[in-house]
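Breakdown of the fold
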Amino acid sequence: MSLDITLNKILIIDFGSQFTQLIARRIRELGVFSEIVSHKKIKSKDIDNSTKGIILSGGPLNVYEIKKYSFDKKIIQKGKPILGICFGHQILSKLNGGKVKQSKHREFGLANIIKKKDSLLTKNFFNKKKFTKVWMSHADQVSKLPKNFNIIASSQNSRFAIVENNSKKFYGVQFHPEVTHTENGKKIISNFLFLICQIKRNWTSKEQKRKLIDDIKNQVGKNKVICALSGGVDSSVVAQLMNKAIGKKLFCIFVNTGLLRKNEEKQVLKTFKKKLKINLIYVNAEKEFIKKLTNIYDPEKKRKIIGNLFIKIFERYSKKIKNVKFLAQGTLYPDLIESKSVTGSQTSKIKSHHNVGGLPKKMKLKLVEPLKFLFKDEVRKLGLELNLGKEIISRHPFPGPGLAIRMPGSITKEKINILKEADHYFIQALKEHKLYHKIWQAYAALLPVKTVGVMGDNRTYEYLCLLRAITSEDGMTADFYDFKKSFIQEISNKIVNSIRGINRVVYDITSKPPSTIELE
Ligand code: XMP
């Protein structure tokens, strides 16, 4: 990755740890810009004055098999403060003349470490009894300390749990200060940043906003930019940021697929056109989408049809705007980090995701990706800084293919209308009971089965509505939300009594895995 940001930063060299992104987030939470680079790509010549310190991440590699991987060893001679974490600690020791071998006792999970010596790195880290609990996850360990290194703390199984070479400002920790299980782990990171690297705080939402707007102006100049607006968090933040930077040179295209939540198109128009005064082209493509989706039963086919039609419509309308040079999209940092594949094997495809991003290659537009250095939580904070309002910023995620994948089987206008109502009642009830923000994502789905019921003296034969509400960190894994019986009863009654077409409600209690969050 090119280091195209000139802010002072902490460089994180990734060796494939599952926690590398956490290191970056912890640093940014402390108000400092951090950048992740792969150990395979970064060369000592790339490291300039803007790098105030380096962190070597953990990883699944073995230091004694050093020939198997590439790493520019001159990096450690650049005179920068370095903190090695787990594998990073081991490689730092090895490159300074120490030894690393397989531990007799592997350490996974919590361990107690005890202080042996004072260090800037551990200021206010230990408790009064000079102990603290840390999270270990290693099979190898440093077996011989390099010359001029001191032991700062030890655990029962790791004599060299924290070490330092004070004059070179090299520090190594065998545990993971970036995970929340390590008591006070953030203290290690903040001491490294502020006491050792002496970097200044430079990463607040206000600062990001100013810098990103400047960057957009520099990149785009007087040219026109198009942007696909979905009303979701990322595309909304991109649109508002671009609007602040280039105003009427921005053309947002909002495609109403007919598969949005109830009244969503009205809300998008109200917020972006009326309130924020963004140049917005509204395309009502409801009929086109329903026509293409009629009698399509296969989930993958549905997704493909929706993705392709979306691109076709987007192209059709963007061609009407003359002399467009750029396409703005909401790529986030985790999508970009090239080092995420250091250890990664290609995971098998579960579903083909459709996003408003990644469009449209054929048009040969240059990309503007203002959020490409941000994590999702940073995007949310930036959105608030841009006056987007909590209503937009803390919305549950909504998939690109919309209600189509919450309606297994063929799609009809009648089914869409029934589903919109059920979903609306469910989300309203969550808001009224102050549950909405406790839940990561919630929705109603309409199953393609009819069952028998009785209402008054009449037999009914109507659809089955499924409710799903989950807790999650990032959508990769999820658990169902444990509602009180009274709530689930109330919402079930409300849906069945208010919506013609549904006479039975079920609540989905499967986790992900083995299920996915969406039904298709
Ligand atoms: P699954 O169903 O794969 O969903 O467990 C994980 C998260 O991704 C969302 N999702 C999508 N988002 N385009 C999107 O932008 C898509 O095609 C898509 N499919 C699923 C889903 O809502 C959940 O938050």
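Scroll up a little and you will see the structure.
Before going into details, it helps to say that this report is about the structure given with it.

Moving on to the overall build of the chain. Counting its secondary structure elements, the chain contains 13 helices and 18 strands. Along the first, second and third principal axes, the C-alpha atoms of the chain reach 85 × 60 × 40 Å. Counting across all 520 residues of the chain, residues that qualify as buried make up 53%. Residue pairs at least 24 apart in sequence account for 77% of intrachain contacts in the chain once pairs closer than 6 positions are excluded. Of the roughly 25,200 Å² that the chain leaves accessible, carbon and sulfur atoms contribute 50%.

Scanning the entire structure with this criterion turns up 20 salt bridges. Residue D214 pairs with R210 through a salt bridge whose shortest N-O separation is 3.4 Å. You can see D214 and its partner R210 sitting in helix α4 (residues 205-220), four residues apart, about one turn around the helix. For R210, a relative accessible area of 45% puts it in the partly exposed group. A salt bridge links D215 to K211; the nearest nitrogen and oxygen atoms lie 3.3 Å apart. With D215 and K211 both in helix α4, this residue pair falls four residues apart, about one helical turn.

On to the sheet that holds strand β1 (residues 9-14), then. Ordered by their spatial adjacency, nine strands build an open sheet running β2-β1-β3-β4-β9-β8-β7-β5-β6, and the pairing between neighbours is mixed. Only two strands of the sheet have a single partner each, and these edge strands are β2 (34-38) and β6 (131-144). Recorded for the sheet is a direction-independent mean angle of 25° between the axes of neighbouring strands. Relative to strand β4 (residues 82-85), strand β3 (residues 51-56) runs parallel, the two sharing three bridges. Each bridged residue has a counterpart across the sheet, and for L56 the counterpart in β4 is G84. Contacts from helix α2 (residues 87-95) reach β3, β4, β5 (99-115), β6, β8 (162-165) and β9 (170-173), with the element oriented near 120° to β4.

Attention now goes to unusual backbone geometry. Looking along the chain, the bond that leaves K512 and enters P513 is cis, with omega of -20°. Of note, P513 is situated in the segment after β18 (502-507). The amide bond that connects P513 to the next residue, P514, takes the cis arrangement and shows omega of 10°. Tracing the chain through its elements places P514 in the segment after β18. Despite not being glycine, K169 shows a phi value in the positive range, around 60°. Its place among the elements puts K169 in the loop between β8 and β9. For K277, which is not a glycine, the phi torsion comes out positive at approximately 55°.

The strand order across the open sheet formed by five strands is β12-β11-β10-β13-β14, and the pairing between neighbours is parallel. Pairing within the sheet leaves two strands with one partner each, and these edge strands are β12 (280-284) and β14 (366-368). The mean angle between the axes of side-by-side strands here comes to 30°, regardless of whether they run parallel or antiparallel. Sheet topology note: the strand β11 (residues 250-256)/β12 ladder contains five bridges and is parallel. Each bridged residue has a counterpart across the sheet, and for N256 the counterpart in β12 is N284.

What follows covers the nonpolar core. Counting 75 residues, the largest nonpolar core has I113 and I162 as its most contacted members. The element contributing the most residues to this core is helix α5 (residues 233-246), with eight residues. In terms of domain composition, this core takes at least three residues from each of domain 1 (9-196) and domain 2 (205-393). Among the nonpolar cores identified, the runner-up in size contains 51 residues, and L309, L419, A429 and Y481 belong to it.

With respect to the secondary-structure elements, E164 resides in strand β8. The buried charged residue E164 lacks any salt bridge partner; its closest oppositely charged side chain belongs to K117, at an N-O distance of 4.4 Å. Among the polar contacts made by the side chain of E164, one reaches the side chain of S119 at a distance of 2.8 Å.

Scanning the model with the defined rule gives 14 aromatic pairs in all. When the centroid spacing of 5.9 Å and the interplanar angle of 40° are considered together, the rings of Y333 and F373 count as tilted. Of this pair, Y333 sits in helix α9 (residues 333-336) while F373 sits in the loop between β14 and α10 (376-385), and the two are 40 residues apart along the sequence. Note on Y333: relative accessible area 0%, which makes it buried. Taking relative accessible area as the criterion, F373 reaches 9% and is therefore assigned buried. Considering the side-chain rings of Y481 and F483, the 5.0 Å spacing of their centres and the 65° angle between planes classify their relative orientation as edge-to-face.

Here the focus is the packing of helix α1 (residues 20-29) against helix α3 (residues 185-196). Look at α1 against α3: their axes get within 10 Å of each other, and the N-to-C directions meet at 65°. If you check the angle between α1 and α3, you find them roughly perpendicular. In terms of crossing hand, the pair formed by α1 and α3 is right-handed. On the side of α1, the interface is formed by R26, I27 and E29, while α3 contributes K186, I189 and L193. Class assignment of the residues belonging to the contact of α1 with α3 gives a composition of three nonpolar, no polar and three charged.

This part covers the environment of W203. Structurally, W203 is set in the loop between α3 and α4. The spatial distance from the C-alpha of W203 to the C-alpha of V368 is 21 Å, given a sequence separation of 165 residues. Once you skip the residues sitting within four places of it in the chain, W203 turns out to touch L7, R28, G31, V32, F33, Q208, F373, L374 and E378. At 2.7 Å, the side chain of W203 and the side chain of E378 are in polar contact.

Reading the values: rules and limits
- Residues numbered from 1 in each chain as written.
- Predicted model: local features only at pLDDT ≥ 70, side-chain atom pairs only at ≥ 80, totals over all residues.
- Heavy atoms only, no water.
- Helix = DSSP H or I, 4+ residues; strand = E, 2+ residues; numbered from the N terminus.
- Buried < 20%, exposed > 50% of the residue type's maximum accessible area, 1.4 Å probe, protein only.
- Contact = heavy atoms within 4.5 Å.
- Areas by Shrake-Rupley, 256 points an atom, 1.4 Å probe, with all protein chains shown as cover.
- Salt bridge = Lys/Arg side-chain N within 4 Å of Asp/Glu carboxyl O.
- Pairing = 2+ DSSP bridges.
- Axes fitted to C-alpha atoms, helices over the stretch in contact; angles between N-to-C directions.
- Core = buried A, V, L, I, M, F, W, Y, C linked by side-chain atoms within 4.5 Å.
- Domains from an automatic or database assignment.
- Lys, Arg positive; Asp, Glu negative; His and termini not counted.
- Polar contact = N/O pair within 3.5 Å; in protein donor to acceptor, adjacent residues only side chain to side chain.
- Phe/Tyr/Trp six-rings, centres within 6.5 Å; stacked < 30°, edge-to-face > 60°.
- Parallel < 35°, antiparallel > 145°, perpendicular 65-115°, else oblique.
- Left-handed = near helix turned anticlockwise from the far one by under 90°.
- Nonpolar A, V, L, I, M, F, W, Y, C, P; charged D, E, K, R; others polar.

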